Amino acid sequence: MPQTKSHEVHGTGVRGEAAAALFLTVAGRAFPSCTQVTLSHGICDSQCLSCPIGRVRHGDATEEVLREFRPGTRVFMSFEVFARVADEVAQHPEAWLRMHARGEPLLHPRFVDMVRYAKEARVSVVQSFTDAISLEENRAREILEAGLDVLECSIHGHHRSYEKLMRNGRFEQVRANVIRFRELRDALGAPTRLVVSAVDQPEFRPEKADHRRFWQDYADEVIYRPHHSWGNRIDGACASLPATRAPCAQLWTRLTVGPTGNVLACFNSWSEAPEEVLGNVLDPHTTLASIWRSSAYSAIRSGQLEGNYILPCCRSCKDWGGSSWGDDSYENLIDQKLGLRR
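Caption draft 1: Spatial organisation of the overall build of the protein. Secondary structure assignment for the protein yields 16 helices and 11 strands. The C-alpha extent of the protein, read off along each of the three principal axes, is 60 × 45 × 40 Å. Scored against the burial criterion, the 342 residues of the protein give a buried share of 57%. Long-range contacts, defined here as pairs at least 24 residues apart, represent 75% of the contacts in the protein between residues at least 6 apart. Total accessible area on the protein is roughly 14700 Å²; 49% of this is exposed by carbon and sulfur atoms. The centroid of the 41 positive side-chain charges in the protein is displaced by 2 Å from the centroid of its 43 negative side-chain charges.

Here is the structure:
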């Protein structure tokens, strides 16, 4: 767990009050709005130019990323870890669970079981991402029947740019799968919301308008994500470090749980360095709530307000500008545009 000086740990005084004021809701002070679970660490079926895992698969990742995701490190989250997280998130009606990070969630052999478990545990909103390659009809039907609340399909490109950016040779298959998912959703009367997204990268922009025009006929929302570096793992994706930064919204809205149960403040802590691990959900004395409310985490937030970046991942971060507050946040998409939470 990150170490801080004793007078900083408790987050009291002006800095502590300022940090507390940034929580979006009263409930958000007690528990993260979003808990992200890493179902598939380093496992994917695309080779996206904008993603370190895609670059590992394509063979053009940096040497550092190749070492980070050497074959022995590629793992699925156990059902035990997932269930522990889902059970706790279910105790907080304002919170939502995101199945995401470091790979393709639908490749997890128990993905549908996990969705069903979370919904039966009464998690209010369960959301996942997919590149839609494995979203064939039987799997689509199972996902809809399991009760997934939001499926975001990452389609980084359109006719000419898709293969340049996703490099999987599956454009026609993906397009057909997503359209069929929408048709099944409507036929079954399922409540699942469908979101289509793309990373707003230079090679995509000439087709961005065409992409939106096409997918707005099928998706409930079409959104575009910032072109970021995934914690400096993609060269040239972000500008240099600025002289001053706004506080990172991640620290006030989300926790990430790695495949073995390690709890992280930042989704970019892919290597799960010990100094960035806040606890583990399999520890019988640890809960997500206790980590979220801890004095150590309060110190991390307070430090952000004065440029004292306690977590190593924060010190060199170029992606903070893509961590959105307010109208551009995923919380707003869930709450307002998709109408899924109070």
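Caption draft 2: Representation of the state of the cysteines in the model. Taken as a whole and assessed by the stated rule, the structure comprises 0 disulfides. Here Cys-51 stays free of any disulfide, with the sulfur of Cys-48 as its closest cysteine sulfur at 6.1 Å.

Caption draft 3: The arrangement of the packing of helix H8 (residues 137-146) against helix H10 (residues 171-188) in detail. At their nearest, the axes of H8 and H10 sit 10 Å apart, and the two run at 45 degrees to each other. When the interaxial angle is binned, H8 and H10 end up oblique. The element H8 and its partner H10 pack so that their crossing is right-handed. Residue-level inspection shows Glu-137, Ala-140, Arg-141, Ile-143 and Leu-144 of H8 in contact with H10, the latter providing Arg-180, Phe-181, Leu-184, Arg-185 and Leu-188.

Caption draft 4: Seen up close, the side chain of Ser-229. Considering the arrangement of structural elements, one finds Ser-229 in the loop between strand E8 (221-225) and helix H12 (250-253). By relative accessible area, which is 2% here, Ser-229 ends up buried. Of the polar contacts made by the side chain of Ser-229, one reaches the backbone nitrogen of Asn-232; its length is 2.8 Å.

Caption draft 5: Spotlight on the pattern of salt bridges. Counted by the stated rule, this structure contains 20 salt bridges. Linking Arg-175 and Glu-172 is a salt bridge whose minimum nitrogen-to-oxygen distance equals 2.7 Å. One end of the pair, Arg-175, and the other, Glu-172, are both in helix H10, 3 residues apart, so they sit about a helical turn from each other. Between Asp-186 and Arg-182 there is a salt bridge, and its shortest N-O distance comes to 2.8 Å. Taken as a pair, Asp-186 and Arg-182 lie in helix H10 at a separation of 4 residues, close to a single helical turn. When its relative accessible area of 43% is taken as the criterion, Asp-186 is described as partly exposed.

Caption draft 6: How the structure looks around the sheet that holds strand E10 (residues 262-264). The strand order E8-E7-E6-E5-E4-E1-E9-E10-E11 describes an open sheet built from 9 strands, whose pairing is mixed. The open sheet is flanked by E8 and strand E11 (277-280), the only strands paired with a single partner. Sheet twist, expressed as the average angle between the axes of neighbouring strands with direction ignored, equals 25 degrees. Sheet analysis places strand E4 (residues 96-100) next to strand E5 (residues 125-130), joined by 4 bridges and oriented parallel. When the bridges of E5 are listed, Met-99 appears paired with Ser-128. Across the face of the sheet, H10 comes into contact with strand E6 (150-154) and strand E7 (193-199) while running at roughly 160 degrees to E7. The strands touched by helix H11 (residues 208-215) are E7 and E8; relative to E8, the strand with the most contacts, the crossing angle is about 155 degrees.

Caption draft 7: The arrangement of the side chain of His-228 in detail. Structurally, His-228 is set in the loop between E8 and H12. Residue classification places His-228 among the buried positions, given a relative accessible area of 16%. Separated by 3.2 Å, the side chain of His-228 and the backbone nitrogen of Trp-230 make a polar contact.

Caption draft 8: Representation of the packing of aromatic side chains. As enumerated under the stated definition, the model contains 15 aromatic pairs in all. Between the aromatic rings of Phe-214 and Tyr-218, the centroid separation amounts to 5.5 Å while the plane-to-plane angle is 45 degrees, which identifies the pairing as tilted. Among the residues examined, Phe-214 registers a relative accessible area of 22% and is labelled partly exposed. For Tyr-218, a relative accessible area of 25% puts it in the partly exposed group. With 5.4 Å between their ring centres and 45 degrees between their planes, Trp-230 and Trp-270 make a pair best called tilted. You can see Trp-230 sitting in the loop between E8 and H12 and its partner Trp-270 sitting in the loop between E10 and E11, a full 40 residues away along the chain. For the residue pair Trp-230 and Trp-270, the accessibility class agrees, reading buried in each case. Over the aromatic face of Tyr-330 sits the side chain of Arg-98, whose NZ or CZ is 4.4 Å from the ring centroid. Arg-301 extends its terminal NZ or CZ atom over the ring of Trp-292, reaching a point 4.5 Å from the ring centre.

Scoring rules and cut-offs
Residues numbered from 1 in each chain as written. Predicted model: local features only at pLDDT ≥ 70, side-chain atom pairs only at ≥ 80, totals over all residues. Heavy atoms only, no water. Helix = DSSP H or I, 4+ residues; strand = E, 2+ residues; numbered from the N terminus. Buried < 20%, exposed > 50% of the residue type's maximum accessible area, 1.4 Å probe, protein only. Contact = heavy atoms within 4.5 Å. Areas by Shrake-Rupley, 256 points an atom, 1.4 Å probe, with all protein chains shown as cover. Lys, Arg positive; Asp, Glu negative; His and termini not counted. Charge placed at Lys NZ, Arg CZ, Asp CG, Glu CD. Disulfide = S-S within 2.5 Å. Axes fitted to C-alpha atoms, helices over the stretch in contact; angles between N-to-C directions. Parallel < 35°, antiparallel > 145°, perpendicular 65-115°, else oblique. Left-handed = near helix turned anticlockwise from the far one by under 90°. Polar contact = N/O pair within 3.5 Å; in protein donor to acceptor, adjacent residues only side chain to side chain. Salt bridge = Lys/Arg side-chain N within 4 Å of Asp/Glu carboxyl O. Pairing = 2+ DSSP bridges. Phe/Tyr/Trp six-rings, centres within 6.5 Å; stacked < 30°, edge-to-face > 60°. Lys NZ or Arg CZ within 6 Å of the ring centre and 35° of its normal.

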